[in-house]
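# Summary of the model geometry
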Amino acid sequence: MTYARQMIIRESNVTERSLVTSCELQNTSRSDDNPNGFILEHLVILENRDIRGTER
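In every chain, residue numbers begin from 1 and rise along the written sequence. Local features are withheld for residues below a pLDDT of 70 in this predicted model, meaning they are given only at 70 or higher, and side-chain atom pairs are given and counted only at 80 or more; totals for whole chains, interfaces and linings count all residues. With hydrogens and water stripped out, all remaining heavy atoms of the structure feed into the side-chain values.

### Structural notes on the pattern of salt bridges
Threshold: Throughout this description, the term salt bridge denotes a Lys or Arg side-chain nitrogen within 4 Å of a carboxyl oxygen of Asp or Glu. Numbering of helices and strands runs from the N terminus; a helix is a DSSP stretch of H or I covering at least four residues, while a strand is a stretch of E covering at least two. The buried label applies to any residue whose accessible area, calculated with a 1.4 Å probe on protein chains only, is under 20% of its type's maximum; exposed applies above 50%, and partly exposed to all values in between.
One pass over the full model with this rule turns up four salt bridges. A salt bridge links R52 to E16, with the shortest nitrogen-to-oxygen separation between them at 2.7 Å. Note that R52 is positioned in strand β3 (residues 38-55) and E16 in strand β2 (residues 13-27), a separation of 36 residues in sequence. On the accessibility criterion, R52 (53% relative accessible area) is exposed.

As structure tokens, then:
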């Protein structure tokens, strides 16, 4: 599970968003294209919503 908050800062407003995801990590060999050696499988976005927005 991953829980994240994102601040999107625009010229006219600031928006705070919430993102919750779930996935499985598959261990694999490292390569130039995959230096960490992981593959994400079964990625599911459980929540992706605006928490609040304020005018600037």
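### A short note on the sheet that holds strand β1 (residues 2-9)
Formally: Only strands joined by at least two bridges in the DSSP assignment are considered to pair. Interaxial angle, 0 to 180 degrees, is taken between N-to-C directions of lines fitted to C-alpha atoms, where a helix line uses only the stretch in contact.
The strand order β1-β2-β3 describes an open sheet built from three strands, whose pairing is antiparallel. At either end of the open sheet lies a strand with only one pairing partner, and these are β1 and β3. Along the sheet, successive strands turn relative to each other by an average axial angle of 20 degrees, direction set aside. Bridging between β1 and β2 involves eight bridges; their strand directions are antiparallel. Residue Q6 lies in a different strand from β2, and its bridge partner there is R17.

### Overview of the side chain of E16
Defined as follows: Whenever a nitrogen or oxygen atom comes within 3.5 Å of another N or O atom, the pair is scored as a polar contact, on the condition that within protein one atom can donate a hydrogen and the other can accept it, and that pairs from neighbouring residues in sequence are kept only if both atoms are in side chains. A contact between two residues is defined here by any heavy atoms of the two lying within 4.5 Å.
Residue classification places E16 among the buried positions, given a relative accessible area of 7%. A polar contact is formed between the side chain of E16 and the side chain of R52, at a distance of 2.7 Å. Once residues lying within four places of it in the same chain are set aside, the contact partners of E16 are R5, Q6, M7, R49, D50, I51 and R52.

None of the figures reported here should be taken as evidence of function without further support.
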